[in-house]
Amino acid sequence: MKNIFDAPFMREMEKTTENMYRLGWDERNGGNISYLLDENEVAEYIDLNKVIRTIPTGFNASELIGKIFIVTGTGKYFKNMKSDPESNLGVVRIGKDGTTAELLWGYKDGGRFTSEFPAHMMSHMARLKVDPDHRIVMHTHPTYTIAMNAVCPLDEKEFTKRLWKSNTEAIVVFPDGVGVLPCMVCGTNEIGKATAEKMAKFRLVVWTNHGIYGAGKNMDEVFGLIETVEKTAQIYMLTLGRVQNSIPDDVLKGLAKLWNLKPLEGVLD
Ligand code: 2HA
Ligand code: ZN
């Protein structure tokens, strides 16, 4: 067996959570990541026949039976991921009943996966239907995104348009736009279902007064989506009420043409 602490997926989780903490997005235990792993790759590092314990999930994830994820732990701090991955992270496999998770590695202190496990797993199910290469769901609390969401209407097309008009990179990085959910109780199956419904269409979903979800095929893609929203929201908030120059619609259309993008419908028309 190879040493799991050297596994590329472990390094990616450590590096990403460290970056997110450094950027001030993940105070205390804020934020969570789940990463769908390749079974053959995981088998190089851990014995897949040895289940440490089973953990009920409280929802049905039958579409994910047998799939293996590395997931941040509930109550755990991104700040501490790298110094003690075995307590702060877990590798889990969705059990044959679809309603339990089999712990294969980690959560060493008796812990369990993030309280947002429903939103993560339901989002994985939704994204895998539209993108077979999909692997990662990332949730975080970026300051300016939350601030901008608080001063904008809940209408996701309006929110997307305000982002696109503030920074030319925005439409290029997320032509598919940003979904917006109203303020809801987090950590529930209900917010999980609502997030997954948005994920059928969007790779980015804002949770009003809380944070953002991103999804994609690798860490760079998902991190890049969220950091571009956050940077753009920062520009929006720094200029709020004093804007002299916002990006004209014909420049946005020009960018879409140049990069062969299909912008979210109903925003520019
Ligand atoms: O676990 O971010 O949404 C901390 C959170 C809950
Ligand atoms: Zn959160």
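Since this is a predicted model, take the numbers as computed values, not measurements.

> Explanation requested: the pairing of strand β9 (residues 211-216) in the structure shown.
Each regular strand carries side chains that alternate between the two faces of the sheet. Burial within β9 is extensive, with 6 of its 6 residues counted as buried. Neither face of β9 is open: one carries G211, Y213 and A215, the other I212, G214 and G216, and all of them are buried. Of the strand pairs in this sheet, strand β6 (residues 136-140) and β9 are connected by 5 bridges, and their pairing is antiparallel. When the sheet's bridge partners are listed, T140 is paired in β9 with I212.

> Looking at this model, I keep getting lost on the environment of T208. Mind explaining?
Looking at the secondary structure, you find T208 in the loop between β8 (204-207) and β9. Classification of T208 by relative accessible area gives buried; the value is 8%. It is 25 Å that separates the C-alpha atoms of T208 and L128, two residues lying 80 residues apart in sequence. Leave out the neighbours within four places in its chain, and T208 touches N149, L154, V180, L181, P182 and C183. Engagement of the side chain of T208 in a polar contact is seen with the backbone oxygen of L181, the distance being 2.7 Å.

> Any chance you could explain the side chain of T17 here in plain terms?
Among the secondary structure elements, T17 is positioned in helix α1 (residues 8-22). Excluding residues within four positions of it along the chain, T17 makes contact with I33, T72, F78 and M81.

> Would you mind going over the environment of K129 with me for this structure?
For K129, the position within the fold is in helix α4 (residues 117-130). Residue K129 is classed as exposed on the basis of its relative accessible area of 62%. The sequence separation of K129 and A200 amounts to 71 residues, and the corresponding C-alpha distance is 7.8 Å.

> Looking at this structure, how should I read the side chain of R203?
Mapped onto the elements of the fold, R203 is located in the loop between α8 (189-199) and β8. A polar contact of 2.7 Å, which involves the side chain of R203, links it to the side chain of D176. When residues no more than four places from it in sequence are discounted, the contact partners of R203 are R127, V173, F174, P175, D176, Y213, G214, A215, E221 and L225.

> Teacher, can you tell me more about α4 here?
In an α-helix, one full turn covers 3.6 residues, which means residues spaced three or four apart are oriented alike. Helix length check: α4 (14 residues) gives 20 Å between terminal C-alpha atoms against 20 Å at 1.5 Å per residue, within 8%. Taken together, the buried positions of α4 are occupied by F117, P118, A119, H120, M121, M122, S123, H124, M125, A126 and R127.

> What should I look at first to understand the site of ligand 1 in this one?
Surveying the vicinity of ligand 1 reveals the residues N29, G30, G31, N32, S115, E116, H139, H141 and H210. Between N32 and ligand 1, the recorded distance is 3.4 Å, taken from a side-chain N or O atom to an oxygen atom. A distance of 3.0 Å separates an oxygen atom of ligand 1 from a polar atom in the side chain of H210. Computed on the free molecule, ligand 1 has an accessible area of 220 Å², of which 89% lies beneath the protein chains in the complex. When the residues that make up the shell around ligand 1 are grouped by side-chain class, the tally is no nonpolar, 8 polar and 1 charged.

> When you look at the packing of aromatic side chains in this model, what are you seeing that I'm missing?
Within a pair of aromatic rings, the relevant descriptors are the distance that separates the centres and the angle that separates the planes. A full pass over the atoms with the stated rule returns 6 aromatic pairs. Judged by centre distance (5.7 Å) and plane angle (85 degrees), the rings of F9 and Y45 are edge-to-face. With F9 in helix α1 and Y45 in the loop between α2 (39-42) and β2 (53-56), this pair connects stretches of sequence that are 36 residues apart. Accessibility expressed as a relative area gives 1% for F9, which makes it buried. Take Y45: its relative accessible area is 10%, and that puts it in the buried class. Aromatic side chains W207 and Y213 sit 4.6 Å apart centroid to centroid with 40 degrees between the ring planes, which places their arrangement in the tilted category. Y213 shares its class with W207; the two are buried. Grouped by ring-pair contacts, the aromatic residues F59, F113 and F117 constitute a single cluster.

What counts as what
- Residues numbered from 1 in each chain as written.
- Chains lettered and ligands numbered in written order.
- Predicted model: local features only at pLDDT ≥ 70, side-chain atom pairs only at ≥ 80, totals over all residues.
- Heavy atoms only, no water.
- Buried < 20%, exposed > 50% of the residue type's maximum accessible area, 1.4 Å probe, protein only.
- Helix = DSSP H or I, 4+ residues; strand = E, 2+ residues; numbered from the N terminus.
- Pairing = 2+ DSSP bridges.
- Contact = heavy atoms within 4.5 Å.
- Polar contact = N/O pair within 3.5 Å; in protein donor to acceptor, adjacent residues only side chain to side chain.
- Expected span 1.5 Å × (residues − 1).
- Near = heavy atom within 4 Å.
- Areas by Shrake-Rupley, 256 points an atom, 1.4 Å probe, with all protein chains shown as cover.
- Nonpolar A, V, L, I, M, F, W, Y, C, P; charged D, E, K, R; others polar.
- Phe/Tyr/Trp six-rings, centres within 6.5 Å; stacked < 30°, edge-to-face > 60°.

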